[in-house]
Amino acid sequence: MTTKLKGRAWTFGDVMDVDWEICPFEIFQQFIAKGKMPTPEDLGQYCMTTVDPNFPKKVKKGDFIVAGETFGYGHDHDHACKAIKGAGVAAVICDSTSGNFFRMSLEHGLPVVQYPGIRKLTAEGDEIELDLAGGVIRNMTKGKEYHFIPYPSFLLEMIEAGGLYPRLKQRAAAGKL
Amino acid sequence: MGQTITEKILSRAAGRPVSPGEYIEVSSRVPITMGRFTGDRTSPMMKELGVDKLFDPNLIHFVDGHIGTSPSHNAGEARSRTREFGKRMGIPLENIFELGRAGIEHVVSGDNAWALPGEIFMCAHNNGHTTTSGALGAFAFPLTFGSNNYLITGKTWVRVPDSVKIVVNGKLPKGVVGRDVVEYALGQIGPIASAGKVIEWVGPAIDDMSIDSRFTLCCNALFFGAWTAIINPDQKCIEYVKSRNPNPFEPLYSDPDASYAHVFEIDVSNLVPQIVPPPERYHVHPVTQHEGKPINRGFAGSCANGRMEDMRMVAQVLKGRKIHPEVVFNITPGTDRILKQCVQEGLMEIFLEAEAIVPVPSCSMCAGLTTPLGAGDVCVATGTCNYRGRMGSRDAEIYLANAATVAASCVEGKIADPRKYL
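Reading guide: rules and limits
The numbers attached to residues start from 1 for each chain and follow its sequence in the written order. A letter from A marks each chain and a number from 1 marks each ligand, given out in the order of writing. With the structure being a predicted model, the display of local features is reserved for residues of pLDDT at least 70 and the display and counting of side-chain atom pairs for 80 or more, all residues being used for whole-chain, interface and lining totals. What counts as a helix is a DSSP run of H or I of at least four residues, what counts as a strand is a run of E of at least two, and both are numbered from the N terminus. Restricting the calculation to C-alpha atoms gives the radius of gyration, and the globule rule supplies 2.2 Å times the number of residues raised to the power 0.38. Each residue gets a C-beta atom placed from its backbone, and two residues are in contact if those atoms lie within 7 Å. The exposure label follows from counting other C-beta atoms within 10 Å of a residue's C-beta, where the C-beta atoms are placed from the backbone and the thresholds are 20 or more for buried and 12 or fewer for exposed, leaving partly exposed in between. Just so you know the grouping, Ala, Val, Leu, Ile, Met, Phe, Trp, Tyr, Cys and Pro go in nonpolar, Asp, Glu, Lys and Arg go in charged, and all remaining residues, Gly too, go in polar. The pairing criterion for strands is at least two bridges between them, as found by DSSP. Whenever a helix is involved, its axis is fitted only over the stretch in contact; in every case the axis is a line through C-alpha atoms, and angles between N-to-C directions fall within 0 to 180 degrees. The start and end points of each domain follow an automatic or database-based domain assignment. Convention used here: angles under 35 degrees read as roughly parallel, angles over 145 as roughly antiparallel, angles from 65 to 115 as roughly perpendicular, and any remaining angle as oblique. Left-handed describes a crossing in which the near helix is turned anticlockwise from the far one by less than a right angle; the clockwise case is right-handed. Crossover handedness is defined here as right-handed if the route from the first strand over the helix to the second strand goes clockwise, with the strands pointing away from the viewer. Among buried residues, those of type Ala, Val, Leu, Ile, Met, Phe, Trp, Tyr and Cys that are joined through C-beta atoms within 7 Å form a set called a nonpolar core. Per residue, pLDDT captures the predictor's confidence, and it can take any value from 0 to 100.

Draft legend 1. Representation of the overall build of chain B. When helices and strands are tallied, chain B shows 14 helices and 17 strands. The C-alpha atoms of chain B give a radius of gyration of 21 Å, which matches the 22 Å a tight globule of 422 residues would have. Projected onto the principal axes, the alpha-carbon positions of chain B cover approximately 60 × 55 × 40 Å. Excluding contacts between residues fewer than 6 apart, the proportion of contacts in chain B whose partners are at least 24 apart in sequence is 78%.

Written out as structure tokens, the structure is:
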């Protein structure tokens with residue numbers, strides 16, 4: 001992946017719960033009951049379907065979720081980040097997010113960018129360019145730019161590597177653990 | 001400009017002054033708890049990385065309390081593999097809190113005051129209620145997906161969070177406890193203002209509050225959208241910690257001129273017991289609004305309310321009474337230590353005479369691991385969540401309330417205001 005991402009915006013409201021709107025926890029439990037740890041692709045088929053049943057079919061690889069306040073509400077259940085990645089979403093841009101969802105997502109290699117007010121500034125289908133290293137959200141459709149404080153280099157490297165464990169493997173292979 | 005307790009703890013951990021929004025790398029000198037059979041998840045990862053040791057086996061505490069004696073999660077084999085993993089990694093035997101000396105991880109942590117004031121306290125794997133230990137003036141959060149990384153490297157990253165201050169004024173009326181305060185505050189503040197932040201509970205009603213109730217306040221920070229919650233240590237807290245943990249500590253406190261993203265004030269002088277009907281977690285009502293709704297299940301326990309204060313409230317209501325013939329009432333003490341104290345104080349006899357059941361200390365019915373709800377069941381519970389399917393069938397209803405409300409409702413077979421029993 002690259003730290004410059006391009007895609008279309010899919011908009012959602014406030015307080016999307018990890019265990020309900022983002023991906024019902026019972027879906028995860030059903031996989032576990034069958035003895036299978038679900039893959040991101042398994043869970044991606046259920047991503048945001050509580051709000052929009054056709055979302056996994058409509059979303060294209062590299063698109064963005066643009067949401068309101070407290071995206072990733074609720075428990076620190078990381079099946080939600082897996083579902084978003086599995087649906088092909090490249091990043092979440094939101095007004096605000098919960099502490100655990102933010103950490104888990106970045107560690108899964110899913111960028112989550114907080115920009116207060118972004119939900120109202122974005123319409124569904126807007127073309128967005130997200131420059132993670134530069135700290136810029138560019139709305140190409142509206143010709144507007146919004147600046148945020150970029151992640152520090154160690155997190156950019158982690159996201160670039162695909163997440164915490166791919167990064168840890170790189171460090172282990174380089175003898176830097 | 002002064003600093004909040006959170007900023008001070010993270011500054012000390014980072015070795016320099018830090019402000020909200022900064023990203024830092026941190027580690028901790030206090031124990032890290034592993035709740036479930038996490039040897040299962042850590043072992044293969046270590047193999048893949050080609051590493052054969054953990055950052056510090058002496059700091060790892062296994063607490064086998066999530067599932068209790070349930071056969072769930074392939075318990076038999078997983079338990080053996082955890083023992084084997086502990087042995088291989090050199091985790092001291094006294095750090096393995098298996099059934100009989102365990103309970104719910106967050107309640108065991110509190111019982112032993114592992115989260116020392118002024119320190120960072122973390123818990124491995126999915127455990128959003130790790131924040132419970134913030135009641136002791138520690139910055140407490142779950143490592144979740146980053147757990148294996150921490151267990152190997154001893155380091156994790158933190159984005160220094162903003163703080164939200166909730167000032168709780170007034171004096172709590174009889175029969176109204178921490179659980180009612182936290183639910184009332186959630187109902188008033190909602191799940192947006194605190195997103196990703198730390199809730200700092202302050203005020204006269206917090207000063208008056210028992211340590212047990214303070215744990216309850218911090219347990220459910222995640223339902224505010226907050227990352228965690230914290231309470232500045234006072235004499236009561238310091239004495240509690242010293243009586244349970246012999247290790248030295250240096251508490252930290254918020255400065256009077258510290259900066260907060262929001263400050264909310266609530267007054268609890270006229271507060272009545274609160275109830276959270278299904279399915280939204282943050283729609284909170286006075287219990288009086290739902291009185292008379294028939295119920296057939298009750299649960300007192302969980303990391304929110306499985307402590308002595310809760311057990312005593314249940315007993316106070318049940319003493320000399322029987323539960324309603326249509327009700328099954330599950331009372332699960334949070335830890336083995338609490339269970340023993342229930343026996344010593346004579347509470348157990350009251351529970352059994354009332355015809356309640358008392359499973360082994362664990363998450364128990366809160367996660368549907370004992371007496372799961374069936375379709376059509378209506379339960380009043382002190383558990384943490386009321387979403388569909390949390391305690392069993394997705395076609396059951398869960399009302400969340402304090403322990404006395406649960407007990408009173410189980411006596412009457414319908415949602416009841418407990419104050420007449422107290």
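Here the narrative resumes.
Draft legend 2. Here's a closer look at the overall build of chain A. Secondary structure assignment for chain A yields 9 helices and 7 strands. A compact globule built from 177 residues would reach a C-alpha radius of gyration of about 16 Å, and chain A, at 16 Å, matches this within 12%. Principal-axis analysis of the C-alpha atoms gives chain A an extent of 50 × 45 × 25 Å. Every one of the 177 residues in chain A was classed for burial, and the buried ones make up 49%. Restricting the contact set of chain A to residue pairs at least 6 apart, pairs at least 24 apart contribute 69%.

Draft legend 3. Region of the structure containing the interface of chain A and chain B. With 31 residues of chain A at the contact, the number on the chain B side is 27 residues. For the side of chain A that touches chain B, the element with the most residues is helix α6 (residues 99-107) of chain A, which contributes 6 residues. The class makeup of the residues in the side of chain A that touches chain B is 12 nonpolar, 10 polar and 9 charged.

Draft legend 4. The arrangement of the sheet that holds strand β8 (residues 163-169) of chain B in detail. Residues and elements named next belong to chain B. Judged by pairing direction, the sheet is parallel, and its 4 strands sit side by side in the order β10-β9-β8-β11 without closing on themselves. Strands with a single pairing partner mark the edges of an open sheet, and in this sheet they are β10 (228-230) and β11 (262-267). Here the average twist between neighbouring strands, direction ignored, is 20°. Of the strand pairs in this sheet, β8 and β11 are connected by 6 bridges, and their pairing is parallel. Pairing of V168 across the sheet is with I266, part of β11. Strands in contact with helix α6 (residues 178-189) are β8 and β11; relative to β11, the strand with the most contacts, it is inclined by about 125°.

Draft legend 5. Broad picture of the domain arrangement of chain B. All names here are of chain B. Partitioning chain B into structural domains gives domain 1 (5-159), domain 2 (163-267) and domain 3 (274-421). A straight line from the C-alpha centre of domain 1 to that of domain 2 covers 23 Å. On the side of domain 2, 30 residues touch domain 1, which itself brings 26 residues to the contact. The leading source of residues in the side of domain 1 that touches domain 2 is helix α1 (residues 5-14), at 5 residues.

Draft legend 6. Main features of the pairing of strand β1 (residues 4-11) of chain A. Residue and element names in this part refer to chain A. Judged from the 5 bridges that link them, β1 and strand β5 (residues 127-131) form a sheet pairing that is antiparallel. Bridge assignment links K6 to a residue of β5, and that residue is E129. Across 3 bridges, β1 lies against strand β2 (residues 64-67) in parallel orientation. Paired with W10 across the two strands is I65, which belongs to β2.

Draft legend 7. Inspection of the packing of helix α11 (residues 308-318) of chain B against helix α14 (residues 403-412) of chain B at higher detail. Residues and elements named next belong to chain B. Between α11 and α14, whose axes approach to 8 Å, the crossing angle comes to 30°. For the element pair α11 / α14, the angle class is roughly parallel. α14 is crossed by α11, and the crossing has right-handed handedness. Residues D310, M313, V314, V317 and L318 of α11 pack against A403, A404, A407, A408 and V411 of α14. A class-by-class count of the residues in the contact of α11 with α14 yields 9 nonpolar, no polar and 1 charged.

Draft legend 8. A look at the sheet that holds strand β3 (residues 91-94) of chain A. Residues and elements named next belong to chain A. As summarised here, the arrangement of the 7 strands in space is β4-β3-β2-β1-β5-β6-β7, forming an open sheet in which the pairing is mixed. Looking at the sheet topology across the chains shown, the edges are occupied by β4 (112-114) and β7 (144-147). Neighbour to neighbour, the strand axes of the sheet diverge by 25° on average, direction disregarded. Of the strand pairs in this sheet, β2 and β3 are connected by 4 bridges, and their pairing is parallel. Bridging from a neighbouring strand, I65 pairs with V92 of β3.

Draft legend 9. Structural context of the pairing of β3(A). All names here are of chain A. Of the two faces of β3, both are covered, the one formed by A91 and I93 as well as the one formed by V92 and C94. Each parallel crossover has a hand, and for β2 linked through helix α5 (residues 79-86) to β3 it is right-handed. Note: β3 against β4, 3 bridges, orientation parallel. Residue pairing in the sheet places I93 in a bridge with V113 of β4. Considered for its hand, the β-α-β crossover made up of β3, α6 and β4 is right-handed.

Draft legend 10. Layout of the nonpolar core. Judged by nonpolar contacts, the single largest core of 130 residues is most densely connected at V314(B), F351(B), C379(B) and A407(B). Every residue in contact with F351(B), bar those within four places of it in the chain, is listed here: A315(B), L318(B), I331(B), A356(B) and V358(B). Counting 52 residues, the second largest nonpolar core, distinct from the first, contains C23(A), I93(A), L106(A) and I118(A).

Draft legend 11. Focus on the confidence of the model for chain B. This prediction gives chain B a mean pLDDT of 95; 99% of its residues lie at or above 70. Prediction confidence for the complex, expressed as pTM and ipTM, is 0.96 and 0.95 respectively.

Draft legend 12. Fine view of the environment of R16(B). Residue and element names in this part refer to chain B. As for its position among the elements, R16 is in the loop between α1 and β1 (23-26). For R16, a count of 9 C-beta atoms within 10 Å translates into the label exposed. Taking the C-alpha atoms as reference points, R16 and V343, 327 residues apart in sequence, are found 49 Å from one another.

Draft legend 13. Layout of the packing of helix α8 (residues 153-161) of chain A against helix α9 (residues 164-173) of chain A. Residue and element names in this part refer to chain A. Remark: α8 packs on α9, axes separated minimally by 7 Å, with the N-to-C direction vectors making an angle of 100°. Taken together, the axis directions place α8 and α9 in an arrangement best described as roughly perpendicular. Touching E157, M158 and A161 of α8 are L164, P166, R167 and Q170, all from α9. A per-class count over the contact of α8 with α9 returns 4 nonpolar, 1 polar and 2 charged.

Draft legend 14. Region of interest: unusual backbone geometry. Residue and element names in this part refer to chain B. The omega torsion across P278 and P279 is 0°, close enough to zero to call that bond cis. If you check the backbone angles, A113 has positive phi at about 50° while not being a glycine. Among the secondary structure elements, A113 is positioned in the loop between α4 (105-112) and β5 (120-124). For A113, a count of 23 C-beta atoms within 10 Å gives the class buried. Residue S364 is not a glycine yet carries a positive backbone phi of 55°. With respect to the secondary-structure elements, S364 resides in the loop between α13 (347-353) and β16 (378-381). For S364, a count of 32 C-beta atoms within 10 Å puts it in the buried group.

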